[in-house]
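Geometric and topological summary
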Amino acid sequence: MKTEIIISGFGGQGVLSMGKILAYSGLMEDKEVTWMPAYGPEQRGGTANVTVIVSDQRVSSPILSKYDVAIVLNQPSLDKFEPKVKPGGILIYDGYGVINPPTRTDIRIFRIDAMDKAAEMKNAKVFNMIVLGGLLKVCPVVSTDGLNKALYKSLPERHHAMIPLNMAAVEEGMKIIAEQK
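Residues numbered from 1 in each chain as written. Predicted model: local features only at pLDDT ≥ 70, side-chain atom pairs only at ≥ 80, totals over all residues. Heavy atoms only, no water.

Tallying secondary structure elements over the protein gives six helices and seven strands in all. The secondary structure elements of the protein, listed N-terminal to C-terminal, are β-α-β-β-β-α-β-β-α-α-α-α-β. Each principal axis of the C-alpha distribution contributes one length, and for the protein these read about 40 × 40 × 35 Å. Looking at the protein as a whole, 50% of its 181 residues are labelled buried. Long-range contacts, defined as pairs at least 24 residues apart, comprise 57% of the intrachain contacts of the protein with a sequence gap of at least 6. Within the protein, the 19 negative side-chain charges are centred at a point lying 3 Å from the centre of the 21 positive side-chain charges. (Helix = DSSP H or I, 4+ residues; strand = E, 2+ residues; numbered from the N terminus. Buried < 20%, exposed > 50% of the residue type's maximum accessible area, 1.4 Å probe, protein only. Contact = heavy atoms within 4.5 Å. Lys, Arg positive; Asp, Glu negative; His and termini not counted. Charge placed at Lys NZ, Arg CZ, Asp CG, Glu CD.)

If you want it as structure tokens, here you go:
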């Protein structure tokens, strides 16, 4: 099994962190992974993206032009990556950041209102973990156990007290993601 994922949004939404945590989760489960961020001025509010490949076999190249899964958190990301989802693939978008929803009929489309849920949880920093929970619900590329281990491995020890909140956000994301018909 090999899953090729692109995560894209504005700088500051936790896009690169989400990809890094997903990659670490794969490592915790003895999978082959690649993590390839794309940023620069994006860190100051432009669009940032990260490509993550999680596989049971060796990954031959981290460079991709088509994806099994696209997670888009803003309209420019949707416009850029919707056409690059493989037929039969999955597109997940945040309802807050996307004005014109995806229109393709040859892929599965899911909406997650992660920004609203983060506000409800009174912590904007869990936004990306809510989205990650939604991904794991519709495409369980790694387990929540692997994700929990990855958080302890990838976050500095001073942030370990936040891991229970992050895992609660993952659970919320699993609950609120909804397929669009």
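Time to look at the side chain of Asp94. Within the fold, Asp94 resides in strand S5 (residues 85–94). For the buried Asp94, which has no salt bridge, the nearest side chain bearing the opposite charge is Arg111, at an N-O separation of 7.1 Å. In contact with Asp94, not counting residues within four places along its chain, are Val72, Leu73, Ile112, Asp113, Ala114, Met115 and Phe127. (Salt bridge = Lys/Arg side-chain N within 4 Å of Asp/Glu carboxyl O.)

The next subject is the sheet that holds strand S7 (residues 178–180). Strand order in the open sheet formed by seven strands is S2-S3-S1-S4-S5-S6-S7, and the pairing between neighbours is mixed. Every interior strand has two partners, whereas the edge strands, strand S2 (32–38) and S7, have only one. In this sheet, neighbouring strand axes are inclined to one another by 20 degrees on average, regardless of whether the strands run parallel or antiparallel. Across the sheet, helix H1 (residues 15–28) touches strand S1 (2–10), S2 and strand S3 (47–55), and the angle it forms with S3 is around 10 degrees. (Pairing = 2+ DSSP bridges. Axes fitted to C-alpha atoms, helices over the stretch in contact; angles between N-to-C directions.)

Another point: the pattern of salt bridges. Overall, the coordinates contain 11 salt bridges when judged by the stated rule. A salt bridge links Glu172 to Lys175, with the nearest nitrogen and oxygen atoms 3.4 Å apart. Here the residue Glu172 and the residue Lys175 both occupy positions in helix H6 (residues 163–176), the gap between them amounting to three residues, near one helical turn. Taking relative accessible area as the criterion, Lys175 reaches 61% and is therefore assigned exposed.

By volume, the largest pocket amounts to about 580 Å³. In this structure, the largest pocket is lined by 22 residues; those nearest its centre are Ser17, Lys125, Asn128, Leu155 and Asn166. Counting only elements with at least two residues in the lining of the largest pocket, the list comes to H1, helix H4 (127–138) and helix H5 (144–154). Top contributing element to the lining of the largest pocket by residue count: H1, with four residues. For the lining of the largest pocket, the class distribution of residues is 12 nonpolar, eight polar and two charged. (1 Å grid on protein atoms, 1.4 Å probe; cavity = no way out; pocket = protein on both sides within 12 Å on 5 of 7 lines; lining within 4 Å. Points joined across faces, edges and corners; volume = space filled by probe spheres on them. Nonpolar A, V, L, I, M, F, W, Y, C, P; charged D, E, K, R; others polar.)

One finds Leu22, Ile71, Ile92, Met129, Leu132, Leu135 and Leu147 to be the most contacted residues of the largest nonpolar core, which totals 40 residues. When residues in this core are grouped by element, the largest group, eight residues, is from H4. Sequence-distant contacts of Leu147, defined by excluding residues within four places in its chain, comprise Ile21, Ser25, Met129, Leu132, Leu136, Met167 and Val170. Membership of the second largest hydrophobic core comes to 12 residues, among which are Ala70, Phe81, Tyr93 and Val98. (Core = buried A, V, L, I, M, F, W, Y, C linked by side-chain atoms within 4.5 Å.)

Turning next to the environment of Arg111. Among the structural elements, Arg111 can be located in strand S6 (residues 108–112). Residue classification places Arg111 among the partly exposed positions, given a relative accessible area of 30%. Separated by 10 residues in the primary sequence, Arg111 and Pro101 place their C-alpha atoms 8.9 Å from one another. Apart from the residues lying within four places of it in its own chain, the contact partners of Arg111 are Tyr93, Gly95, Ile176, Ile177, Ala178 and Gln180. Here Asp113 takes part through its side chain, which lies 2.8 Å from a polar atom of the side chain of Arg111. (Polar contact = N/O pair within 3.5 Å; in protein donor to acceptor, adjacent residues only side chain to side chain.)

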